[in-house]
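Reading the structure
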Amino acid sequence: MPLILGIDPGSRVTGYGIVRAEGSQNHYVASGCIRTSRGADLADRLLEIGDGLAQIVREHAPEEAAIERVFMARNAESALKLGQARGAAILVARQHGLSVAEYEARKVKQAVVGTGAADKAQVQHMIRLLLGLAATPQEDAADALAIAVCHAHTRASLEGVDPNQGMRFGRGRLRETS
């Protein structure tokens, strides 16, 4: 029954979501957004993301983390900032001893909605249904919960897989083995 921390990184808003995986069932634990200070330089925003995630990890003690893999943004500057926010989040997770799995947005949407082309409203709606939430979570929090649910599904499907075949969890990330 691991606690899984899902992270939807962003340089201005980083979503987080924590679920408890029990077999094929996932139970909501917590979610929200870390909003960085307007007008702060990037270094200070990265520090705020790191401090916020460290507090969440200390408070909830998740055992594993999952994060969205970088996609190519419309411009290089945005992609670099997103990559730096991811780096800050991954660093905090590893500093607290969590393994970190990475998932492409299309895979997350496929796992939660059934199509990799789902929009944010569809992800929010399905997360609300899947986790039995009374209200629809904010976009970034819903995305983070979706990442955690995707990881839980991937994790459950890998249980019983021969560790010398297919995919397995390493200390640092989900990786393919030959």
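Here the structure is a predicted model, which is why all the values come from computation and not from measurement.

Cut-offs and rules
- Residues numbered from 1 in each chain as written.
- Predicted model: local features only at pLDDT ≥ 70, side-chain atom pairs only at ≥ 80, totals over all residues.
- Heavy atoms only, no water.
- Pairing = 2+ DSSP bridges.
- Helix = DSSP H or I, 4+ residues; strand = E, 2+ residues; numbered from the N terminus.
- Axes fitted to C-alpha atoms, helices over the stretch in contact; angles between N-to-C directions.
- Core = buried A, V, L, I, M, F, W, Y, C linked by side-chain atoms within 4.5 Å.
- Buried < 20%, exposed > 50% of the residue type's maximum accessible area, 1.4 Å probe, protein only.
- Contact = heavy atoms within 4.5 Å.
- Expected span 1.5 Å × (residues − 1).
- Left-handed = near helix turned anticlockwise from the far one by under 90°.
- Nonpolar A, V, L, I, M, F, W, Y, C, P; charged D, E, K, R; others polar.

1. Describing the sheet that holds strand β4 (residues 64–68)
Read across the open sheet, the 5 strands follow the order β3-β2-β1-β4-β5; overall the sheet is mixed. The sheet is open, and its two edges are formed by β3 (25–35) and β5 (99–103), each paired on a single side. Taking the axes of each pair of neighbouring strands and ignoring which way they run, one obtains an average angle of 20° across the sheet. In this structure, β4 lies alongside β5, joined through 5 bridges in parallel fashion. Of the residues in β5, the one forming a bridge with A66 is A101.

2. Section: the pairing of β3
Here strand β2 (residues 13–22) runs beside β3; their pairing, made up of 10 bridges, is antiparallel. From the neighbouring strand, I18 faces β3, where its bridge partner is A30. Connecting the antiparallel pair β2 and β3 is a turn made up of 2 residues, with G23 showing a positive phi of about 60°.

3. Quick look at the nonpolar core
Grouped together as the largest cluster of nonpolar side chains are 20 residues, with contacts concentrated most on V19, I127 and L131. If you list the elements that add at least two residues to this core, you get β2, β5, α3 (105–112), α4 (120–131) and α5 (139–158). For this core, the leading source of residues is α5, giving 7 residues. I127 has contacts with V112, G132, L133, P137, A142, L145, A146 and V149, leaving out every residue within four places of it along the chain. Of all hydrophobic cores here, the second largest spans 19 residues; its members include I7, I56, A85 and A89.

4. Brief notes about helix α2 (residues 76–95)
Spanning 20 residues, α2 covers 28 Å between terminal C-alpha atoms, matching the ideal 28 Å at 1.5 Å per step. Those residues of α2 not exposed but buried are A79, L82, A85, R86, A88, A89, V92 and A93. Where the residues of α2 are buried, they touch β1 (3–8), α1 (42–60), β4 and β5. One or two positions beyond α2, positive phi appears at G97, with a value near 80°.

5. Observations regarding unusual backbone geometry
Even without a glycine there, the phi angle at A61 is positive, about 50°. On the accessibility criterion, A61 (47% relative accessible area) is partly exposed.

6. Some details on the side chain of D143
Residue placement: D143 occurs in helix α5. Leaving out residues up to four positions away in the same chain, D143 has contacts with D8, K120 and V123.

7. Digging into the packing of α1 against α2
Running from amino to carboxyl end, α1 crosses α2 at an angle of 35°, the nearest separation of the two axes being 9 Å. Considering how the two elements wind past one another, α1 and α2 form a crossing that is right-handed. Contact with α1, carried on its side by L42, R45, L46, I49, G50, L53 and A54, involves K81, Q84, A85, A88, A89 and V92 of α2 and no other residues of that element. Considered class by class, the residues forming the contact of α1 with α2 number 9 nonpolar, 2 polar and 2 charged.

Keep in mind these values describe shape, not function.
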